[in-house]
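Summary of structural features
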Amino acid sequence: MWYHKPVINEELLQSLPNLKILASSGVGIDHLDLKLLSSYGVKLSNTPFIVSTDTADMGMALMLASSRRLVEGYQMAVSPDTEYFPADWLGDELSGATLGIVGMGTIGYKVAKRAKAFEMKILYHNRNQRNKEEESAVGAIYCKKIDDLLQQSDFVLLSVNLTPQTHKLIGKRELELMKPTATLINISRGLVVDQGALVEALQNKVIKAAALDVTYPEPLPRDHPLLKLKNVIITPHIGSATKKTRRLMMENMIESIQAGLTGLPIPNEIL
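What you are looking at is a predicted structure, and each value in this text was computed from that prediction instead of being measured.

Another point: the UniProt feature "domain: D-isomer specific 2-hydroxyacid dehydrogenase NAD-binding" (unreviewed entry) in the protein chain. If you check UniProt for "domain: D-isomer specific 2-hydroxyacid dehydrogenase NAD-binding" (unreviewed entry), the listed places come out as residues 60-239 in our numbering. Counted over residues 60-239, helix gives 32% and strand 16%. Its end C-alpha atoms are 11 Å apart.

Spelled out as structure tokens, the structure:
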């Protein structure tokens, strides 16, 4: 599967009685019915670790672009109407700011490593607390309650899998807990955020800005209000989109397929 295609449903599975394994690109498996696949005896794999470095880089890129207002700056620099650069056109610095990471898995932890180099204070919320050595390596502080993280962070970065528990994890209540000077960054899945609530929060200055590599749907309808807000950066779900990583993803999928067909242990099998 590439870009969630083809759609895996019962009709397709019935037409493929000899199907043994499904290799899905990327990390997320929210587009798949695991019970349905299991009922047909089809094994499943994905490519979780290959994408982590590029996606962490993307998280930092969005944070920098939003804080330093790079898109607005570019538009000003190339506009035919620009006669001078205003001296009071300012952004925010990352150094010394507090980053709250929601979801400290492989990607979230790599974001923390990068944020440490920017001398950021790092908070994180996760289902399970990391061990002390891992926390110390990046200077991360565990928040058992997500509310504590939201209230303290200058930047809130979402790096969680989409599950029933994380569906619209960030809604009106959570956005109102954030600082009015805070920025929300989403590199996970669009449905982790209630987009209607986010639009209202951005319009009413409940939070300062948002930087999103994911939305729902993708792409957004061309008249969607998120596309009209100056305090939003949206990129086309390109967290893992580098030439090297996409090639490695395909190679990893082929390895899983070959293993599945020959009865060998399947790399990154989802059980």
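Moving on, we get to the UniProt feature "domain: D-isomer specific 2-hydroxyacid dehydrogenase catalytic" (unreviewed entry) in the protein chain. The UniProt feature table records "domain: D-isomer specific 2-hydroxyacid dehydrogenase catalytic" (unreviewed entry) at residues 3-269. Between the C-alpha atoms that bound residues 3-269 the distance is 19 Å, and the span itself is 37% helix and 13% strand.

Moving on, we get to the sheet that holds strand β8 (residues 209-212). The strand order β5-β4-β3-β6-β7-β8-β9 describes an open sheet built from seven strands, whose pairing is parallel. A strand with exactly one partner marks an edge of an open sheet, and here the two such strands are β5 (140-142) and β9 (232-234). With direction set aside, neighbouring strand axes in the sheet form an average angle of 15°. Two strands pair when backbone bridges link them, and β8 and β9 are joined in this way by three bridges, in the parallel orientation. Across the sheet, residue A210 finds its bridge partner in β9, namely V232.

Of all hydrophobic cores here, the largest spans 29 residues; its most connected members are L175, L184, L198 and L226. Broken down by element, the residue count for this core peaks at five residues, all from helix α9 (residues 195-203). Discounting residues that sit within four places of it in the chain, L175 has contacts with I170, L184, A197, L198, A201, V206 and I207. Among the nonpolar cores identified, the runner-up in size contains 27 residues, and A56, M104, A140 and A211 belong to it.

Of note, the bond from K5 into P6 is cis; its omega dihedral lies within 30 degrees of zero at 0°. Looking at where P6 falls in the secondary structure, it is placed in the segment before α1 (10-15). Of note, the bond from Y216 into P217 is cis; its omega dihedral lies within 30 degrees of zero at -5°. Counting through the fold element by element, P217 comes out in the loop between β8 and β9. Positive phi, normally seen in glycine, also occurs at E119, with a value near 60°. By secondary structure assignment, the location of E119 is in the loop between α5 (106-117) and β4 (121-125). Backbone geometry places H237, a non-glycine residue, at a positive phi of 55°. Relative to the helices and strands, H237 resides in the loop between β9 and α10 (243-262).

Moving on, we get to the layout of surface pockets. Computed from the structure, the second largest pocket encloses a volume of approximately 430 Å³. As for the second largest pocket, its lining consists of 20 residues, of which R69, E72, K230, N231 and V232 are closest to the centre. By residue number, the principal contributor to the lining of the second largest pocket is helix α4 (residues 70-78), which donates four residues.

Time to look at the domain arrangement of the protein chain. Domain boundaries in the protein chain define domain 1 (10-49 + 242-262) and domain 2 (52-234). On a C-alpha basis, the centres of domain 1 and domain 2 stand 30 Å from each other. Contacts between the two partners involve seven residues from domain 1 and, on the opposite side, six residues from domain 2. Summed over both partners, the interface of domain 1 with domain 2 buries about 550 Å², with 40% contributed by carbon and sulfur atoms. Ranking the residues of domain 1 by area buried against domain 2 places V27, D30 and F49 at the top, with a combined share of 65%. At the junction of domain 1 with domain 2, the criterion picks out one salt bridge. Taking the shortest distance from any N to any O, the salt bridge between D30 and R189 comes out at 3.3 Å. Inspection of the region where domain 1 meets domain 2 yields four residue pairs in polar contact (both at pLDDT 80 or more). Of the residues assigned to the side of domain 1 that touches domain 2, the class counts are three nonpolar, three polar and one charged.

Reading the values: the criteria
Residues numbered from 1 in each chain as written. Predicted model: local features only at pLDDT ≥ 70, side-chain atom pairs only at ≥ 80, totals over all residues. Heavy atoms only, no water. UniProt positions renumbered as here; feature names shortened; annotations may be inferred. Helix = DSSP H or I, 4+ residues; strand = E, 2+ residues; numbered from the N terminus. Pairing = 2+ DSSP bridges. Axes fitted to C-alpha atoms, helices over the stretch in contact; angles between N-to-C directions. Core = buried A, V, L, I, M, F, W, Y, C linked by side-chain atoms within 4.5 Å. Buried < 20%, exposed > 50% of the residue type's maximum accessible area, 1.4 Å probe, protein only. Contact = heavy atoms within 4.5 Å. 1 Å grid on protein atoms, 1.4 Å probe; cavity = no way out; pocket = protein on both sides within 12 Å on 5 of 7 lines; lining within 4 Å. Points joined across faces, edges and corners; volume = space filled by probe spheres on them. Domains from an automatic or database assignment. Buried area = accessible area lost by both parts, 1.4 Å probe. Salt bridge = Lys/Arg side-chain N within 4 Å of Asp/Glu carboxyl O. Polar contact = N/O pair within 3.5 Å; in protein donor to acceptor, adjacent residues only side chain to side chain. Nonpolar A, V, L, I, M, F, W, Y, C, P; charged D, E, K, R; others polar.

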